[in-house]
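Chain by chain, the residues:
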Amino acid sequence: MIALALALALMQGPPPAAAPPPAVQPAPTHTPEVLIERRLAESVPLQVGDTVRVRSLSGRGPTLPFVVAGVFEREADPIRISRNEMQLRFHLPDLEALLPQKDRVDRFAVVLRPGANPDSAARWIEGVAFGTRAYGSAALASQSSATFRVISRFHDAIGIVTILASAIFLLCVMIIRVDERRRDMGVLRLIGISRSTVFRAIVVEAVAISIVGSAAGAVVGLIAARVVNAHYAAVYDTTLKFALVSPRIVMTAAALGLALGIGAGALAAWRVVAVPPQKLGER
Amino acid sequence: MIVAAFLRGLFRRRGRTLLALAGIAVSAALLLDMTMLASGLTVSFGELLGQSGYTLRVTPKGILPFDSDAAIANGDAVGRRVAAVPGVRAVAPVLGAQFRLVRGDSVSEPLFTFGVDPRSQFLYRLTSGREPGPGEVLVSVPMAADERLQPGSEVALAGDLDVSLGRARATRRYRVSGVGDFLYNYAGEHSLAMTLADVRAATARASDVSVFGVSAEEGVDDEVVARRIAAAVPEVSTYSTRELMAEMDKRLLYFRQLATILGSVAMVVTALLVATIITIGVRERFGEIATLRAIGIPGRRVLLAVVTEGLALTAIGCLAGLPMGLWMAGRLDRILLAFPGIPARMTFFAWEPRRVALAMGIVIAIGAVAGCIPGWGAVRAPLGQALREEAE
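Residues numbered from 1 in each chain as written. Chains lettered and ligands numbered in written order. Predicted model: local features only at pLDDT ≥ 70, side-chain atom pairs only at ≥ 80, totals over all residues.

Engineer: Please clarify how the overall build of chain B should be interpreted in this entry.
Structural biologist: Looking only at helices and strands, chain B features twelve helices and eleven strands. Against the compact-globule benchmark of 21 Å for 392 residues, chain B has a radius of gyration of 31 Å, which places it well outside the compact range. Projected onto its principal axes, the C-alpha coordinates of chain B cover approximately 100 × 50 × 35 Å. Of all 392 residues assigned to chain B, the portion counted as buried reaches 46%. Look at the contacts in chain B between residues 6 or more apart in sequence, and 82% of them connect residues 24 or more apart. (Helix = DSSP H or I, 4+ residues; strand = E, 2+ residues; numbered from the N terminus. Rg over C-alpha atoms; globule rule 2.2 N^0.38 Å. Buried ≥ 20, exposed ≤ 12 C-beta atoms within 10 Å, placed from the backbone. Contact = placed C-beta atoms within 7 Å.)

Engineer: Would you take a moment to explain the overall build of chain A for this structure?
Structural biologist: A tally of regular secondary structure across chain A gives nine helices and five strands. Moving toward the C terminus, one meets the helices and strands of chain A in the order β-β-α-β-β-β-α-α-α-α-α-α-α-α. Burial status across chain A gives 18% buried among its 283 residues. Intrachain contacts of chain A at a sequence separation of at least 6 include 74% that bridge at least 24 residues.

Engineer: Could you clarify how one ought to interpret the interface of chain A and chain B in this entry?
Structural biologist: A common way to state how big an interface is: give the accessible area lost once the parts meet. Chain A puts 30 residues into the contact, and the matching count from chain B is 37 residues. Looking at the side of chain A that touches chain B, the element that brings in the most residues is helix H5 (residues 146–180) of chain A, giving 19 residues. Of the residues belonging to the side of chain A that touches chain B, the class tally is 20 nonpolar, five polar and five charged. (Nonpolar A, V, L, I, M, F, W, Y, C, P; charged D, E, K, R; others polar.)

Engineer: Any chance you could explain the pairing of strand S2 (residues 88–103) of chain B here in plain terms?
Structural biologist: As a general feature of sheets, a regular strand has side chains that alternate between the two faces. All names here are of chain B. The sheet contact formed by S2 and strand S10 (residues 211–216) spans six bridges and is antiparallel. Among the inter-strand pairings, Val94 is bridged to a residue of S10, identified as Val211. Direction of pairing for S2 relative to strand S4 (residues 111–116): antiparallel, over a ladder of six bridges. Pairing of Gln98 across the sheet is with Phe112, part of S4. Sheet topology places S2 next to strand S7 (residues 154–162); three bridges connect them, and they run antiparallel. Bridging across to S7, Val102 finds its partner in Ala156. Where S2 meets strand S3 (residues 106–107), two bridges bridge the pair, whose relative direction is antiparallel. Each residue of the ladder has a partner; that of Val102, found in S3, is Val107. The hairpin turn running from S2 into S3, its antiparallel successor, is two residues long, and Gly104 in that turn takes a positive phi close to 65°. (Pairing = 2+ DSSP bridges.)

Engineer: I keep staring at unusual backbone geometry and nothing clicks. Help me out?
Structural biologist: Outside of glycine, negative phi angles account for most residues, and trans bonds account for most peptide bonds. Residue Pro45 of chain A is bonded to the preceding Val44 of chain A through a cis peptide linkage, with omega at 0°. Structurally, Pro45 of chain A is set in the loop between helix H1 (38–43) and strand S3 (51–56). The backbone of Ala204 of chain B sits at a positive phi, close to 55°, despite the residue not being glycine. Within the fold, Ala204 of chain B resides in the loop between helix H5 (196–203) and S10. You can call Ala204 of chain B exposed: it has 12 C-beta atoms within 10 Å.

Engineer: What exactly am I supposed to notice about the domain arrangement of chain B here?
Structural biologist: Residue and element names in this part refer to chain B. Each domain of chain B was delimited in the assignment, giving domain 1 (2–48 + 251–391) and domain 2 (56–239). The C-alpha-based centres of domain 1 and domain 2 are spaced at 50 Å. Facing six residues of domain 1, the contacting portion of domain 2 comprises five residues. Grouping the constituent residues of the side of domain 1 that touches domain 2 by class yields four nonpolar, one polar and one charged. (Domains from an automatic or database assignment.)

Engineer: Honestly, the nonpolar core in this entry has me stumped. Any pointers?
Structural biologist: Generally speaking, soluble globular proteins have nonpolar side chains that are buried together. Residues Ile168, Leu171, Cys172 and Met174 of chain A together with Ala28, Leu31 and Val363 of chain B are the most contacted members of the largest nonpolar core, which totals 87 residues. For this core, the leading source of residues is helix H2 (residues 14–50) of chain B, giving 20 residues. For Ala28 of chain B, the contacting residues outside a window of four places in its chain are Thr270, Gly317, Cys318, Gly321, Gly325, Met360 and Val363 of chain B. Core analysis: the second largest hydrophobic core is formed by 58 residues, Ala71, Val94, Tyr124 and Val209 of chain B among them. (Core = buried A, V, L, I, M, F, W, Y, C linked by C-beta atoms within 7 Å.)

Engineer: Where do I start with the packing of H5 of chain A against helix H8 (residues 247–273) of chain A in this structure?
Structural biologist: Packed helix pairs are specified by the crossing angle of their axes together with the interaxial distance, meaning the distance between the axes. Residues and elements named next belong to chain A. At a minimum axis distance of 9 Å, the contact between H5 and H8 shows a crossing angle of 40°. Pair H5 / H8 crosses with right-handed handedness. Counted together, Ile163, Ser166, Ala167, Leu170, Leu171, Met174, Ile175 and Val178 of H5 and Leu256, Leu260, Gly261, Ala264, Gly265, Leu267, Ala268, Ala269, Arg271 and Val272 of H8 form the full contact between these two elements. Grouping the constituent residues of the contact of H5 with H8 by class yields 14 nonpolar, three polar and one charged. (Axes fitted to C-alpha atoms, helices over the stretch in contact; angles between N-to-C directions. Left-handed = near helix turned anticlockwise from the far one by under 90°.)

Engineer: Looking at this structure, I do not really get helix H3 (residues 75–83) of chain B. What am I missing?
Structural biologist: Spacing of three or four residues puts side chains on the same side of an α-helix, whose turn is 3.6 residues. Residue and element names in this part refer to chain B. All of the buried residues in H3 are Gly75, Val78, Gly79 and Val82. In a view along the axis of H3, the buried residues occupy a sector of 100°, so they form one face of it. The exposed set on the far side of H3, more than 90 degrees from its buried face, consists of Ala77 and Arg80. Buried residues along H3 sit in contact with strand S1 (56–60), S2, S10, helix H6 (222–232) and strand S11 (236–239). (Arc of directions from axis to C-beta.)

Engineer: What exactly am I supposed to notice about the domain arrangement of chain A here?
Structural biologist: Along its sequence, chain A is carved into domain 1 (6–98), domain 2 (113–144) and domain 3 (148–280). On a C-alpha basis, the centres of domain 2 of chain A and domain 3 of chain A stand 49 Å from each other.

This is how it looks when you write it as structure tokens:
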């Protein structure tokens with residue numbers, strides 16, 4: 001992919017009969033073709049068969065006419081989200097004709113023969129073509145995904161804060177629920193129900209609350225993900241998914257909720273079973 | 001007295017109160033961070049743009065500064081026309097180019113190089129040495145440290161490479177005139193500045209300019225000057241700081257919206273937490289409240305006490321959340337500043353007193369509202385039934 005900022009002087013239909021502006025070179029006998037990204041075609045609007053005049057903003061290249069040969073949809077690519085630029089696709093010689101510098105290539109994609117060592121091929125290319133850098137697909141992917149690694153780390157950090165807030169909330173709810181029934185717990189203990197039974201009962205209750213909460217959270221999460229994806233799809237005109245609720249994520253969240261529930265239940269229960277039953281009735 | 005009695009109740013249930021405060025503090029800290037994040041980068045970017053006094057940018061039509069390798073043709077003539085616009089104090093031309101450091105047979109990665117007019121530039125601050133003259137170059141602080149360069153050192157720079165012959169093309173030796181702190185560089189970035197004429201000569205771009213920084217006269221509004229430039233030189237784009245910040249806002253829409261979503265979640269959590277604590281607290285003191293009502297204490301005073309309890313909880317929680325939020329903002333900023341290409345001087349989290357006060361005010365108001373509902377229920381409950389429940 002060659003990314004270039006191109007000024008697009010658009011002229012739909014056949015060129016006018018009047019003399020073209022002086023910077024525009026006369027159309028060659030065979031007008032070269034260009035593919036237009038769907039978003040650009042919609043916003044101008046343009047359709048197959050229209051003629052457009054294109055000039056490179058880099059340097060002072062000529063303005064040349066092109067016929068729209070087709071409209072294409074770009075693959076959903078997170079990298080383009082922040083800039084959200086529109087794209088044209090030319091045949092390489094046609095693009096070169098627009099640019100001030102000739103015989104230039106931004107990058108080559110190289111397919112190796114089966115069994116070839118990518119590292120040694122990369123070193124060989126760098127040795128032969130002075131000043132070039134050859135990257136394996138994994139290294140390239142790692143470099144180009146640096147932005148997403150940062151976002152991922154940020155989300156992890158926010159996730160930790162959210163878990164902390166949820167844990168405190170759950171603990172608060174459990175302690176309040178248990179405190180409310182301290183007298184009942186005292187009575188149970190006085191009639192012979194063991195500490196461990198009371199402890200288990202409170203923990204089971206906490207687990208039940210966390211399971212119900214996790215299930216409700218999963219449903220809310222699913223709805224929220226749909227809303228978020230629909231919103232960003234409209235904002236960026238993309239099919240990219242910004243929020244994903246996968247079974248693994250649901251299971252992880254449920255496991256975390258369960259662990260928090262057990263922890264909160266155990267702490268709340270400990271506050272009750274550690275006190276003599278006679279004192280549980282006191283205000 | 002009633003209010004004081006209710007507040008003392010918070011101390012009576014110390015463990016529960018502390019937990020509630022911790023929950024509110026975490027929520028308030030998250031809300032604070034999201035408030036700071038929502039506008040942080042834009043505000044910080046605006047401050048950075050204004051630091052040098054050059055608050056306007058004139059670029060090739062439709063292009064943001066250094067967004068592509070597009071350049072303004074006949075830059076000198078355009079610069080003179082911009083300088084003649086009423087209200088313009090100074091115009092600083094910049095041409096961007098890529099050079100490589102040549103060491104024997106090897107060359108470095110491309111180094112972003114600014115061609116500037118050393119008498120009027122807005123990209124760096126001199127830390128040692130002097131401004132570059134003809135045949136001289138100013139290097140960034142990280143480059144000086146990594147390449148062990150200092151004023152007086154010599155460097156060989158190539159503007160181009162001959163791939164087929166395997167050597168640098170158009171290599172020229174430059175003397176390092178000084179070391180500069182480049183305002184828009186990311187952490188550790190190697191970059192150079194040299195005279196505009198030298199960059200033009202090395203890149204064969206005789207009159208090109210990538211961007212002009214424009215400084216307005218004192219007392220003249222930037223926006224007005226931007227409009228005048230746009231009218232006088234229609235073949236270029238003129239951006240005021242506000243417009244550049246708006247462009248930045250568009251690119252960082254994701255963070256602004258994320259901040260809004262997470263901020264809203266933090267507020268909901270706070271509301272739920274305070275409402276739960278107060279509801280159960282009121283429920284526990286149902287009989288107490290009924291007794292107060294029975295001895296003639298007006299319901300509105302009881303309601304006031306319950307609301308004050310919620311207010312006190314959220315206010316103390318917010319106070320505890322402020323330092324926690326600032327600490328978290330520092331940690332999160334460190335994560336986010338690892339974004340490729342973000343200037344090291346920027347921050348994702350900007351402290352804006354008005355916005356922060358508004359966010360904390362909202363949390364405290366949520367606490368008050370959360371207290372209203374159970375309080376209203378307690379003072380509206382039938383007195384006889386409430387007293388009987390207490391007796392049982």
